Amino acid sequence: MPDTKQNPVFDPKLYNEDLAPVSPNKRTWRTWNYASLWISMSMCIPTYMLASSLIEGGMNWWQSVLTIFLGNLIVLIPMILNGHAGTKYGIPFPVFARASFGTAGANIPALLRAIVACGWFGIQTWIGGVSLYQILRVWIPSLPEPAITGFFPPFPEMLCFFIFLIINMLVVYFGVDSIRKLLVFKAVFLPAAAFALLFWAVYSTKGLGEILDQPSKFQSSSEFWTFFFPALTGMVGFWATLSLNIPDFTRYATSQKAQINGQMIGLPPSMAVFSFIGVVVTSATTIIYGTTIWDPVILAGKFENKILVTLAMIAIAISTLATNIAANIVSPANDFANLNPKKISFRTGGYITGIIGILICPWKLIADPSGYIFTWLVGYSSLLGPIGGIMISDYFFVRKQQLILEELYQEGKTYSYKNGFNFKAILALIFGILPNIPGFLVTIKAIPADSVPEWLTSLYHYGWFVGFFISGLVYFLLMKNKK
């Protein structure tokens with residue numbers, strides 16, 4: 001491991017303390033550290049909504065849980081593979097991306113990842129805003145239930161959204177150190193609240209039997225498979241961002257065994273358990289209220305005790321704030337700052353994240369299950385799948401897991417390619433994205449469905465898989481003769 005403080009060959013444009021390789025004596029994360037990380041990240045409201053949206057979409061309980069479990073088993077593979085370089089060389093994602101995309105070209109996957117994080121920031125901010133609105137509804141009963149009938153939400157809901165957005169931006173302004181205490185609160189509160197909801201669902205319906213007997217809404221096997229495959233792609237897409245930047249975490253691992261076993265123990269089981277709770281509670285709402293309520297914030301707002309609802313919404317808002325800052329602001333803020341460190345500070349990068357989070361209209365993404373799964377999750381997985389395919393193809397098949405660590409931080413060397421860009425990687429990225437564009441445009445109704453062949457449109461339902469394998473293969477063929 002080079003001594004980065006003494007070594008003068010590191011280019012200041014490519015190196016700072018955050019991007020520096022972690023020395024072996026500072027790699028302290030063991031198996032249970034990674035298991036705990038994934039359990040904490042899985043226990044979030046979007047995970048609950050992920051499972052609930054499958055029920056709302058027509059699946060029964062076991063179909064929903066199995067789909068989520070399979071999706072997480074699949075995404076675990078690129079998660080472990082991309083994590084290998086982080087553990088071996090102690091490097092974060094932006095530095096690892098330089099090996100395949102170039103010292104300047106690495107900004108392309110970093111920005112694509114950042115834009116997705118901005119979208120998640122918007123979704124979490126909307127959830128927090130609705131929590132504030134539900135508090136108002138408890139004490140002002142004349143306010144209607146949260147509902148989006150037009151392009152924009154009603155003014156009171158939009159106002160609560162902006163209030164919660166401002167709270168997030170204030171945390172960015174004053175610094176994120178205080179958020180660690182909120183993360184501890186989240187780690188205690190969300191699991192407790194989830195099991196409390198599970199107890200309520202079982203108690204209110206006199207046992208699990210009636211809940212688990214709720215049938216699938218699909219009338220034929222063809223209807224099921226038509227929904228299943230894009231849903232599975234969406235489940236893979238849920239963690240597609242982390243499958244790329246997992247080196248940011250595995251760079252602290254004591255060994256490959258620690259990061260592999262920790263992720264295997266932590267990711268698929270915790271997602272399955274928390275999604276099962278979401279499935280049971282959502283199925284129970286159909287029995288109790290006669291309609292399926294897939295949003296836990298809306299559900300909590302239906303409870304009669306005003307104090308209970310108020311405390312629950314405050315707790316949801318605080319835990320959502322903690323998750324949002326840690327998972328959806330820190331990473332994109334650093335990515336934006338990395339574009340021009342002299343002009344874009346972390347604080348400015350956080351503000352950029354907030355603006356993009358608004359422009360993406362998160363209320364439309366989670367207004368219904370089809371928007372959440374088919375537009376958001378499948379859509380961005382079509383962008384990130386190709387990046388994962390290129391990085392894994394480069395590291396395992398082109399370079400045989402061998403990187404020249406010092407040259408990742410140097411201009412004019414191996415990873416600078418031509419003017420800092422590996423145009424073969426960019427070409428492979430384009431090849432992986434192009435097949436999914438027609439299906440995406442049809443899904444968002446930008447073009448009529450009959451304007452492109454049906455087989456081409458259907459490729460979008462497998463967006464992550466299509467992009468991953470096409471880009472990975474094209475990159476390997478372009479780079480296989482590289483010496």
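Residues numbered from 1 in each chain as written. Predicted model: local features only at pLDDT ≥ 70, side-chain atom pairs only at ≥ 80, totals over all residues. Heavy atoms only, no water.

**Comments concerning the overall build of the chain**
A tally of regular secondary structure across the chain gives 21 helices and 0 strands. Whereas a compact globule of 483 residues would reach a radius of gyration of roughly 23 Å, the chain reaches 23 Å, a difference of no more than 12%. Its C-alpha atoms put the chain at 65 × 50 × 40 Å along the principal axes. For the chain, the accessible surface area stands at approximately 20,700 Å², while carbon and sulfur atoms represent 67% of it. The centroid of the 31 positive side-chain charges in the chain is displaced by 10 Å from the centroid of its 22 negative side-chain charges. (Helix = DSSP H or I, 4+ residues; strand = E, 2+ residues; numbered from the N terminus. Rg over C-alpha atoms; globule rule 2.2 N^0.38 Å. Areas by Shrake-Rupley, 256 points an atom, 1.4 Å probe, with all protein chains shown as cover. Lys, Arg positive; Asp, Glu negative; His and termini not counted. Charge placed at Lys NZ, Arg CZ, Asp CG, Glu CD.)

**Section: the packing of helix H2 (residues 45–57) against helix H3 (residues 61–89)**
For the pair H2 and H3, interaxial distance at closest approach is 9 Å and the crossing angle is 135°. In terms of axis orientation, H2 runs oblique to H3. Relative to H3, H2 is oriented so that their crossing is right-handed. For the pair formed by H2 and H3, the contact residues are Ala-51, Leu-54 and Ile-55 on the first element and Trp-61, Ser-64, Thr-67 and Ile-68 on the second. Here the residues of the contact of H2 with H3 sort into 5 nonpolar, 2 polar and no charged. (Axes fitted to C-alpha atoms, helices over the stretch in contact; angles between N-to-C directions. Parallel < 35°, antiparallel > 145°, perpendicular 65-115°, else oblique. Left-handed = near helix turned anticlockwise from the far one by under 90°. Contact = heavy atoms within 4.5 Å. Nonpolar A, V, L, I, M, F, W, Y, C, P; charged D, E, K, R; others polar.)

**Concerning the packing of H2 against helix H9 (residues 221–238)**
Two elements in contact, H2 and H9, have axes whose closest approach is 12 Å; the angle formed by their N-to-C orientations is 175°. Classified by the interaxial angle, the pair formed by H2 and H9 is roughly antiparallel. Contacts between H2 and H9 involve Pro-46, Thr-47, Leu-50, Leu-54 and Gly-57 on the former and, on the latter, Phe-227, Ala-231, Met-235 and Phe-238. Residues that form the contact of H2 with H9 fall into these classes: 7 nonpolar, 2 polar and no charged.

**Details of helix H6 (residues 155–174)**
The terminal C-alpha atoms of H6 lie 28 Å apart, and with 20 residues this matches the ideal 28 Å at 1.5 Å per residue to within 8%. Turning to H6, its buried residues number three or more, namely Glu-157, Met-158, Cys-160, Phe-161, Phe-164, Leu-165, Asn-168, Met-169, Val-171 and Val-172. (Expected span 1.5 Å × (residues − 1). Buried < 20%, exposed > 50% of the residue type's maximum accessible area, 1.4 Å probe, protein only.)

**Topic: helix H15 (residues 346–359)**
Between its terminal C-alpha atoms H15 stretches 20 Å, which fits the 20 Å expected from 14 residues at 1.5 Å a residue. Listed as buried for H15 are Gly-349, Gly-350, Thr-353, Gly-354 and Gly-357. For H15, the arc enclosing every buried residue in end-on projection is 145°, short of the 170-degree limit, so these residues lie on one face. Along H15, exposed side chains directed more than 90 degrees from the buried face belong to Ile-355 and Leu-359. Two residues or fewer past H15, Cys-361 is found with a positive phi of approximately 55°. (Arc of directions from axis to C-beta.)

**Section: the packing of aromatic side chains**
Enumeration over the complete set of coordinates arrives at 31 aromatic pairs. Seen from their ring centres, Phe-224 and Phe-228 are 5.6 Å apart, and the 20° between their planes marks the pair as stacked. With Phe-224 and Phe-228 both in helix H9, this residue pair falls 4 residues apart, about one helical turn. Ring geometry for Tyr-395 and Phe-396: centres 4.9 Å apart, planes at 85°, overall edge-to-face. Positioned over the ring face of Tyr-173 is Arg-347, at 4.3 Å from the centre of the ring. (Phe/Tyr/Trp six-rings, centres within 6.5 Å; stacked < 30°, edge-to-face > 60°. Lys NZ or Arg CZ within 6 Å of the ring centre and 35° of its normal.)

**Quick word on the environment of Leu-54**
Position of Leu-54 relative to the elements: it lies in helix H2. Owing to a relative accessible area of 0%, Leu-54 belongs among the buried residues under this scheme. Each C-alpha atom of the pair Leu-54 and Ala-367 lies 14 Å from the other, and the pair is 313 residues apart in sequence.

**Side note on the environment of Pro-109**
Residue placement: Pro-109 occurs in helix H5 (residues 107–139). The exposure class of Pro-109 is buried, given its relative accessible area of 0%. Between the C-alpha atoms of Pro-109 and Ala-97, which are 12 residues apart in sequence, the distance is 7.4 Å. Residues contacting Pro-109, with those up to four places away along its chain left out, are Phe-93, Ala-97, Phe-101 and Ile-387.

**A look at the nonpolar core**
Proteins that are soluble and globular tend to have nonpolar side chains buried together. Membership of the largest hydrophobic core comes to 114 residues, with the highest contact counts inside it found for Ile-91, Trp-239, Leu-403, Leu-408 and Tyr-409. Per-element tally for this core: the top contributor is helix H17 (residues 369–398), with 11 residues. (Core = buried A, V, L, I, M, F, W, Y, C linked by side-chain atoms within 4.5 Å.)

**Notes on the pattern of salt bridges**
A full pass over the atoms with the stated rule returns 3 salt bridges. For Glu-145, the salt bridge goes to Lys-302, with nearest N and O atoms at 3.0 Å. With Glu-145 in the loop between H5 and H6 and Lys-302 in the loop between helix H13 (296–300) and helix H14 (306–339), the pair connects residues that are 157 residues apart, well separated along the chain. (Salt bridge = Lys/Arg side-chain N within 4 Å of Asp/Glu carboxyl O.)

**Some points on the state of the cysteines**
Taken as a whole, this structure holds 0 disulfides when the rule is applied. No disulfide involves Cys-118; its sulfur sits 14 Å from the nearest other cysteine sulfur, which is in Cys-361. Look at Cys-118 and you get buried, because its relative accessible area is 0%. (Disulfide = S-S within 2.5 Å.)

**Considering unusual backbone geometry**
Positive phi, normally seen in glycine, also occurs at Cys-361, with a value near 55°. The residue Cys-361 is located in the loop between H15 and helix H16 (362–365) in this model. Relative accessible area serves as the criterion here: at 13%, Cys-361 is assigned to the buried category. The phi dihedral of Lys-445 falls on the positive side, at around 65°, and the residue is not glycine. By relative accessible area, which is 72% here, Lys-445 ends up exposed.

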